Each structure stands twice: as C-alpha cells, then as structure tokens.
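Chain by chain, the residues run as shown.
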Amino acid sequence: MTFKAPDSLAEQIAHHLAERIIRGDLKPGERIQEQKVTLALNVSRGSVREALLILERRHLIAILPRRGAHVTELTEHKVRSLCTLMSELYILLGNSVASGWVQQSDMAPFLQIQQRLESAYERQDIRAFVEDSFSVMRAAYPFANNPYLQETVENLQPAMSRAYYLALDQRKASMSEYLALFEQLLAAVLARDLQEIRQVLTAYAQRSSDLVVSALADA
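Please read these numbers as outputs of a predicted model, since none were measured by experiment.

(A) Focus on the environment of Glu-19. Structurally, the position occupied by Glu-19 is in helix 1 (residues 9-23). Residue Glu-19 is classed as buried on the basis of its relative accessible area of 14%. The spatial distance from the C-alpha of Glu-19 to the C-alpha of Pro-158 is 8.6 Å, given a sequence separation of 139 residues.

(B) Here's a closer look at the UniProt feature "domain: HTH gntR-type" (unreviewed entry) in the protein chain. The sites that UniProt annotates as "domain: HTH gntR-type" (unreviewed entry) are residues 7-74. What you have in residues 7-74 is 53% helix and 15% strand, and the ends, taken at the C-alpha atoms, are 28 Å apart.

(C) Geometry of the confidence of the model for the protein chain. With 95% of its residues at a pLDDT of 70 or more, the protein chain shows a mean pLDDT of 90. In the predicted structure, residues 1-5 sits below a pLDDT of 50 and forms 0 contacts with residues beyond four places in sequence or in another chain.

(D) Expanded view of the environment of Gln-12. Along the chain, Gln-12 falls in helix 1. In sequence terms Gln-12 and Leu-166 are 154 residues apart; their C-alpha atoms lie 23 Å from each other.

(E) Structural context of the domain arrangement of the protein chain. What the domain assignment lists for the protein chain is domain 1 (9-71) and domain 2 (76-218). In this structure, domain 1 and domain 2 have C-alpha centres spaced 26 Å apart. Approximately 940 Å² of surface area, both sides summed, lies buried where domain 1 meets domain 2, with 57% of it carried by carbon and sulfur atoms. It is Ile-22, Arg-23 and Arg-58 that lose the most area in domain 1 upon contact with domain 2, and together they represent 51% of the buried surface on that side. Inspection of the domain 1/domain 2 interface yields 1 salt bridge. Here Glu-19 and Arg-127 are joined by a salt bridge, their closest N and O atoms 3.2 Å apart.

(F) How the structure looks around the packing of helix 5 (residues 108-123) against helix 8 (residues 174-190). Between helix 5 and helix 8, whose axes approach to 10 Å, the crossing angle comes to 165°. Comparing their axes, helix 8 and helix 5 come out roughly antiparallel. As helix 5 packs across helix 8, the resulting crossing turns out to be left-handed. From helix 5, Phe-110, Leu-111, Gln-114, Leu-117, Glu-118 and Tyr-121 reach across to helix 8, where they touch Met-175, Ser-176, Leu-179, Phe-182, Glu-183 and Leu-186. Split by residue class, the contact of helix 5 with helix 8 holds 8 nonpolar, 2 polar and 2 charged.

(G) The pattern of salt bridges, seen in detail. This structure, assessed with the given rule, holds 14 salt bridges. For the salt bridge of Arg-58 with Glu-11, the shortest nitrogen-to-oxygen distance reads 3.3 Å. In this pair, Arg-58 is assigned in the loop between helix 3 (45-57) and strand 2 (61-64) and Glu-11 in helix 1, connecting sequence segments 47 residues apart. A residue is classified by how much of its surface remains accessible, and Arg-58, at 18% relative accessible area, is buried.

(H) Focus on the pairing of strand 2. Examined bridge by bridge, strand 2 and strand 3 (residues 68-71) share 4 bridges and lie antiparallel to one another. Within strand 3, the residue paired with Ile-63 across the bridge is Ala-69. Connecting strand 2 to the antiparallel partner strand 3 that follows it, the hairpin turn spans 3 residues, and Arg-66 within it adopts a positive phi of roughly 65°.

(I) Focus on the layout of surface pockets. If you add up the space inside the largest pocket, you get close to 650 Å³. Taken together, 24 residues form the lining of the largest pocket, with His-15, Arg-138, Glu-154, Gln-157 and Pro-158 sitting closest to its centre. Among the elements of the structure, helix 1, helix 6 (126-144) and helix 7 (147-170) are those that each provide at least two residues to the lining of the largest pocket. For the lining of the largest pocket, the element with the highest residue contribution is helix 1, accounting for 8 residues. Residues of the lining of the largest pocket, tallied by class, amount to 7 nonpolar, 5 polar and 12 charged.

(J) Quick look at the environment of His-59. Examined against the element boundaries, His-59 turns out to sit in the loop between helix 3 and strand 2. Sequence separation of His-59 and Asn-155 is 96 residues, and the distance between their C-alpha atoms is 7.9 Å. Leave out the neighbours within four places in its chain, and His-59 touches Thr-72, Asn-155, Leu-156 and Ala-159. From its side chain, His-59 meets the backbone oxygen of Arg-57 in a polar contact 3.5 Å long.

About the thresholds
Residues numbered from 1 in each chain as written. Predicted model: local features only at pLDDT ≥ 70, side-chain atom pairs only at ≥ 80, totals over all residues. Heavy atoms only, no water. Helix = DSSP H or I, 4+ residues; strand = E, 2+ residues; numbered from the N terminus. Buried < 20%, exposed > 50% of the residue type's maximum accessible area, 1.4 Å probe, protein only. UniProt positions renumbered as here; feature names shortened; annotations may be inferred. pLDDT = per-residue confidence, 0-100. Contact = heavy atoms within 4.5 Å. Domains from an automatic or database assignment. Buried area = accessible area lost by both parts, 1.4 Å probe. Salt bridge = Lys/Arg side-chain N within 4 Å of Asp/Glu carboxyl O. Axes fitted to C-alpha atoms, helices over the stretch in contact; angles between N-to-C directions. Parallel < 35°, antiparallel > 145°, perpendicular 65-115°, else oblique. Left-handed = near helix turned anticlockwise from the far one by under 90°. Nonpolar A, V, L, I, M, F, W, Y, C, P; charged D, E, K, R; others polar. Pairing = 2+ DSSP bridges. 1 Å grid on protein atoms, 1.4 Å probe; cavity = no way out; pocket = protein on both sides within 12 Å on 5 of 7 lines; lining within 4 Å. Points joined across faces, edges and corners; volume = space filled by probe spheres on them. Polar contact = N/O pair within 3.5 Å; in protein donor to acceptor, adjacent residues only side chain to side chain.

Written out as structure tokens, the structure reads:
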C-alpha cells in the first residue's frame, strides 16, 4: 500500500485559486488580495501566503514588491515557450511508457482515460476534458520513475491547463483534434515507435500553441 498524505491547507487554497485562474474567473493582471482570500475561505493569512508562493512556483501568479500578487499575463511568447518545453517533457514520458510496458494490461489506464476523454467530448465538458488530458501524464509517471521529471511537469501543468482551457473554451471543436492525436500517440506507444511519439507530440504542441495564440487574439 502506498501512503499518500492529504493535501495541506495551503495546497487546498492554491488549488482553489488555481481553478479560478484556469477557468478565467480571475483575469490576467488581476490582484489577489490576501485579506479577501482569508475572509472568503475562513483560513489563516499564513496559509494564504503559503498558497500564493505555490501559485507563483506554478507560474499562475507573480508576487511583486509593494504591489502584491497578480495573475500572470498570457502572451504569445509565454504560450509558445511553454508548449515547446512541455512537448519535450511529454516525449520523455511517452518514451518511458513505450519502453516500459510489458503486457497489454499495462496500457489499461491510458485506454480508460481515452474513454473518459471521448465521454467529455460528447458532453462538451471542457473542464473534465482538460482534467483527463493531464491524467495521461500522471499515468505515465510510474514508467518514468523520475521524481525530477514528475515535479517539473506538475509545476508547469497548471499553466498549461490554463492555456488549454482558454483554447477549448473558444474553440470546442478542437477537442476532436486532441482525441485524434491521442489515438495516434497510443498507437505509437504500443508499437514502441519513439520517432512517431516525437512527431505526434511535437504536432500536438504546435497545434496547442497555435490554438491558444489564436484564442488570445480573440479574447
């Protein structure tokens, strides 16, 4: 049995605020006031400060001297830089699964995620689609067995979720494109085709960045 400690209060607060930023309830440049969060959630100011530091590490807010915490801006340069980096991290995870799976049952978690993605697409449930899209990488962590890779991806994932949500919120039809790319990725992993994995995930990153940049232009 693997022991998993419950999330700290600061992590819970950070998750709550991150969800609001990802969904766009808290806008780019908007200030997050410690006292308001403390009163709204009935928590200590120390826990809120710790939560804000977590969000800063995850690139959702910036904490500036004498100006406090503000939601970070999304720019074309940031989006393209993020997608380029994430594609390389995803490639490492994809290669680990391709090299590490032994029997078909090892791939069961990924097939289950694929089914949930298809269900979310049919319901046009963007939130569930985004969440399950990032369940894929978490299912890959045991194959990689690399705590540094896992920590890096986890810290960047909220920023990627935010960009992903924006693109899908404005262009729901793109969910079908991501489903097609995921199907190609699964086939490449099953075939242990590392070159195809790189091509699929590079195309995914390029398409993602194009969609987000286009969504930013329309926002």
